[in-house]
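Each chain, written out:
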Amino acid sequence: EEMTTDKVRTMKQQLNSEFKQIFELCQQVLNQSQRPSLISITLQTLLRFLSWIPLGYIFETPLVNQLLTKFLPTRPFRNDTLACLTEIGSLSQANYNHVFQNIFTTLIRNLMQTLPPETNIAAAYETAQEYDCLYIQGLSLFFSGFFSAHLELLEKVENHKDTLSAMMYLVNISMVDDKEIFKICLEYWNKFASDLYRTECAPRGMGGSNVLNLGMSFANSNSPRKTLYSNVLSKVRNVMISRMAKPEEVLVVEGDDGTIVRETTKDTDAIAQYKTMRETLVYLTHLDYEDTENIMLTKLALQCDDKSNEFSWNNLNTLCWAIGSISGAMNEDDEKRFLVTVIKDLLSLCEMKRGKDNKAVVASNIMYVVGQYPRFLRAHWKFLKTVVTKLFEFMHELHPGVQDMACDTFLKISQKCKGQFVLQQQGEANPFIVDLLRNLPSIVSDLQPHQIQTFYEACGHMIREQTNQQQREELLMQLMEPPNASWRNIMNSANGDVSTLQKQDTIKEIGKILRTNVRVCSAIGHPFVSQLGKFYLDMLNVYKTYSEYISHAVQSEGEVVTQHANIRAMRGVKVEALKLIEVFVSKSEDPKMVAEKIVAMLYDTVLSDYQRSVPAARNPEVLKLFAAIVNRLRGEMSAGLPRIFDAVFDSTLSMITTNFTDFPEHRLYFFKLLKSVNMYCFQALFSIPAAAQKKVIDSIVWAFKHTERNISETGLDILEKLLSNVQQNQGFAQG
């Protein structure tokens, strides 16, 4: 693995010239040996060479016929032989098409004897021996590789029967309950469906790049290829629908400060598989949306039929995930008819099922499906209002998971349909947002804090769509009144006795209020300035108070105190305050105002605290915040750069240069800050003392020598931009 590509190439070329003797030895063993173990080792040896030896050894010798007639029918050698044929079949050489034709035809004939077409491969796999399971996996590799390399050959009229038989084998193998086998099959079906879509459906010049949001069908119903594969495609649709992966995985975890927070895991295998399956099913829907609809509605009808015994949580979940995945793949009228039928059936299923668990599963699937069809919701206000009202009902359902799903769906709908909630809809006395805010306390009364924060973010997306500034500020004021009232009570108590801020319940409440503000700010953006102005100074005072308390505790009891619950909770509040400022700055639209009114107040409070704190008590989010500030405000930050460097440079370097492992977040954000300064405030670097300038260069050198790849790459990026800046500013270069 450590060899260079050139060395590997040289060794292969050298072995190529000597391979004749190796090949003759292999042939001698295959022709004459009676020892099964020796024959197996020889087949495995050949497999290693097949991908790069001269093609003449494969196609102009008896090797292929020997594999097909002597070893493939013999069970002990079947798997090794199939692996060799897979490697050969993946080669693409038109002048040897007759050999590929022979391989395919002979293998299909052999397969029909060893594994008759009517065999339930998925059921047989469950009870099969390991050797036979490997054979099934080998078949999936052979067919997917052979189809990828030779589909044009297989689509000749004389091959149609064998080709369709082979594809049906691959369809049946796709139903085997094995992740690796399914991944192999899925990869091919995705490629196959994509190829068919682009050749048979996509309009000229479009290339199919817009397939996932096309919303219209260009399918050519008379296409010979579509007609040829119609039965296979229908079976593949069935596979995709019945095995659809979970769209996303939501975890509820405990945060550092003891509060419950939600994390959405990204880029897991399941999500990657869902994306591939979704794309495949969308291609298949464009090829024949009626068949996709019929399969889905038939499966849904079986879920609703008590006599069918088809109902199960897994069956309903995969079906609804599949229904949600094809949003936008039908034209609007077909989508409307399809979705109305689906929702009616799901609602009747919810009424029909007994037991809270069953009802909760059906309810969560209703919420998921409606959340996936924003185009329909935007076009049908009454239906949208009904859906949202139903979500509010689910927010009072205490069954595990239902409230989370209701809040998630409400957020998703508010992001996709936000404009509808601030409009005066026909037949309504007020815009929906007005009534919502009036009833907000009762709507969220049964929700947990993290769910309430999701709800507030959803409302923030709606309020942002109000274009009238005065009305927008009034709506924002109404939305934030509950957390603002709680904040005022805490501040009034603190004015009388500042020690009340140290109470555990008070710390937790402040954290909740700040998290709510973060979520609303992330949704509303710059107009949040009216809300931020109401408590910004108080928030910085709380930050300062907690900083002083933590410093005093560290001096009294040592750094171990930073792990105590109340100190962790205070640091959590500080992090939320920094996060709120970062979110607001990143979405701000008035750099000068932000620099003068927001950032200017941070120097004495935040930077001074960072500089004088012990390393274990320094929040890396301070570095992250100032990197974001420089990124957003750019030249407006030039005057403040010396103060930033004075506070964070030496103090951070002393933490991260003793080794390559301690304080990983500090080192990452430190170099991001350095990168931002170099990118947007380069000239201001020359306003700091010469000794500090040298430390900047030393830091960059230290960064690109780092063992962590992301740090070393950041260091190289900084160096490249620094050299570029110096080249463009010759005065600095000469100075």
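Here the structure is a predicted model, which means the values were calculated and not measured. (Residues numbered from 1 in each chain as written. Predicted model: local features only at pLDDT ≥ 70, side-chain atom pairs only at ≥ 80, totals over all residues. Heavy atoms only, no water.)

(A) Representation of the overall build of the protein in the model. Across its full length, the protein carries 34 helices and two strands. The buried share among the 735 residues of the protein stands at 49%. Partitioning the contacts of the protein with sequence separation of at least 6, the portion at a separation of at least 24 is 73%. Accessible area for the protein stands at about 34,800 Å²; split by element, carbon and sulfur atoms hold 50% of it. (Helix = DSSP H or I, 4+ residues; strand = E, 2+ residues; numbered from the N terminus. Buried < 20%, exposed > 50% of the residue type's maximum accessible area, 1.4 Å probe, protein only. Contact = heavy atoms within 4.5 Å. Areas by Shrake-Rupley, 256 points an atom, 1.4 Å probe, with all protein chains shown as cover.)

(B) Expanded view of the nonpolar core. Membership of the largest hydrophobic core comes to 236 residues, with the highest contact counts inside it found for Phe143, Trp189, Phe410 and Leu436. Excluding residues within four positions of it along the chain, Trp189 makes contact with Met167, Leu170, Val171, Ser174, Val232, Val236, Met240 and Thr280. (Core = buried A, V, L, I, M, F, W, Y, C linked by side-chain atoms within 4.5 Å.)

(C) Structural view of the packing of helix α15 (residues 332-352) against helix α16 (residues 356-371). In the contact formed by α15 and α16, the axes pass within 9 Å of each other and the chain directions differ by 165°. Compared by their axis directions, α15 and α16 come out roughly antiparallel. Crossing handedness for the pair α15 and α16: left-handed. Contacts between α15 and α16 involve Leu339, Val342, Ile343, Leu346, Leu347, Leu349, Cys350 and Glu351 from the former and Lys359, Val362, Ile366, Val369 and Val370 from the latter. Counted by class, the contact of α15 with α16 contains 11 nonpolar, no polar and two charged residues. (Axes fitted to C-alpha atoms, helices over the stretch in contact; angles between N-to-C directions. Parallel < 35°, antiparallel > 145°, perpendicular 65-115°, else oblique. Left-handed = near helix turned anticlockwise from the far one by under 90°. Nonpolar A, V, L, I, M, F, W, Y, C, P; charged D, E, K, R; others polar.)

(D) The packing of aromatic side chains, seen in detail. By the definition in use, this model includes 32 aromatic pairs. Taking the centre distance of 5.5 Å and the plane angle of 40° together, the rings of Phe147 and Tyr188 count as tilted. Placement of Phe147 in helix α8 (residues 130-154) and of Tyr188 in helix α10 (residues 179-200) is noted, with a sequence separation of 41 residues between them. Taken individually, Phe147 and Tyr188 each receive the classification buried, so the pair is uniform in this respect. A cation over a ring is seen here: Lys574 above Tyr543, with NZ or CZ 5.0 Å from the ring centre. Over the ring of Tyr610 we find Arg618; its NZ or CZ atom is 5.6 Å from the centre of that ring. (Phe/Tyr/Trp six-rings, centres within 6.5 Å; stacked < 30°, edge-to-face > 60°. Lys NZ or Arg CZ within 6 Å of the ring centre and 35° of its normal.)

(E) Region of interest: the pattern of salt bridges. According to the stated counting rule, one finds 28 salt bridges in the structure shown. One salt bridge in this structure joins Arg337 and Asp334, with 2.9 Å as the shortest N-O distance. Here the residue Arg337 and the residue Asp334 both occupy positions in helix α15, the gap between them amounting to three residues, near one helical turn. Three or more residues are tied together by salt bridges with common partners; here these are Glu155, Asp195, Glu200 and Arg225. (Salt bridge = Lys/Arg side-chain N within 4 Å of Asp/Glu carboxyl O.)

(F) Highlighting helix α22 (residues 449-464). Over its 16 residues, α22 runs 23 Å from end to end, which matches the ideal 22 Å to within 8%, given 1.5 Å per residue. Where burial is concerned, most of α22 is hidden: 13 out of the 16 residues are buried. (Expected span 1.5 Å × (residues − 1).)

(G) Structural view of unusual backbone geometry. The phi torsion at Asn309 lies on the positive side, around 55°, for a residue other than glycine. Within the element layout of this structure, Asn309 appears in the loop between α13 (289-304) and α14 (313-325). A positive phi is found at Phe663, a non-glycine position, where the angle reads about 50°. Structurally, Phe663 can be placed in the loop between α30 (641-656) and α31 (664-680).

(H) Representation of the state of the cysteines. Going through the model one piece at a time under the given rule, you end up with zero disulfides. Residue Cys350 stays outside any disulfide, its sulfur separated by 11 Å from that of Cys304, the closest cysteine. Of all cysteine sulfurs in the structure, the one in Cys459 sits closest to Cys417, which takes part in no disulfide; the separation is 14 Å. (Disulfide = S-S within 2.5 Å.)

(I) Spatial organisation of α13. Spanning 16 residues, α13 covers 22 Å between terminal C-alpha atoms, matching the ideal 22 Å at 1.5 Å per step. Those residues of α13 that sit buried are Asp291, Thr292, Glu293, Ile295, Met296, Leu297, Leu300, Gln303 and Cys304. Among the structural elements, α11 (224-242), α12 (269-287), α14 and α15 are those in contact with the buried residues of α13. Its side-chain oxygen 3.3 Å from the backbone nitrogen of Glu290, Asp288 forms the N-cap of α13. (Polar contact = N/O pair within 3.5 Å; in protein donor to acceptor, adjacent residues only side chain to side chain.)

(J) A look at the packing of helix α2 (residues 36-49) against helix α5 (residues 75-89). Contact geometry for α2 and α5: axes closest at 9 Å, N-to-C directions at 15°. Between α2 and α5, the crossing angle belongs to the class labelled roughly parallel. In terms of crossing hand, the pair formed by α2 and α5 is left-handed. Facing α2, whose interface residues are Pro36, Ile39, Ser40, Leu43, Gln44 and Leu47, α5 presents Pro76, Phe77, Asp80, Thr81, Ala83, Cys84 and Glu87. Its residues assigned to classes, the contact of α2 with α5 comprises eight nonpolar, three polar and two charged.

(K) Looking closely at the side chain of Asn79. Mapped onto the fold, Asn79 is located in helix α5. A distance of 3.0 Å separates a polar atom in the side chain of Asn79 from the backbone oxygen of Tyr131. The contacts of Asn79, once residues within four sequence positions are left out, are Tyr131, Leu134 and Tyr135.

(L) Representation of the environment of Asp269 within the structure. Within the secondary structure, Asp269 sits in helix α12. Under the relative-accessibility criterion, Asp269 is labelled exposed at 59%. It is 25 Å that separates the C-alpha atoms of Asp269 and Gly328, two residues lying 59 residues apart in sequence.

(M) The confidence of the model for the protein, seen in detail. On average, the protein scores 89 in pLDDT, and the residues at 70 or more come to 92%. Within the protein, the element-level pLDDT minimum falls on helix α34 (residues 730-734), averaging 54, and the maximum on helix α24 (residues 504-524), averaging 97. Here residues 204-210 scores under 50 on pLDDT; set against residues more than four positions off or in separate chains, the count is five contacts. The low-confidence segment residues 213-218, where pLDDT is below 50, has 16 contacts with residues more than four positions distant or belonging to other chains. (pLDDT = per-residue confidence, 0-100.)

(N) A look at the environment of Met112. Position of Met112 relative to the elements: it lies in helix α6 (residues 97-114). Take Met112: its relative accessible area is 29%, and that puts it in the partly exposed class. With 54 residues separating them along the chain, Met112 and Ala166 place their C-alpha atoms 9.8 Å apart. Discounting chain neighbours no more than four positions away, the residues touching Met112 are Pro117, Ser165 and Tyr169.

(O) The side chain of Asp162, seen in detail. Of note, Asp162 is situated in helix α9 (residues 160-174). Its relative accessible area of 10% is what places Asp162 among the buried residues. With near-sequence residues (within four places) excluded, Asp162 lies in contact with Phe104, Thr105, Ile108 and Arg109.

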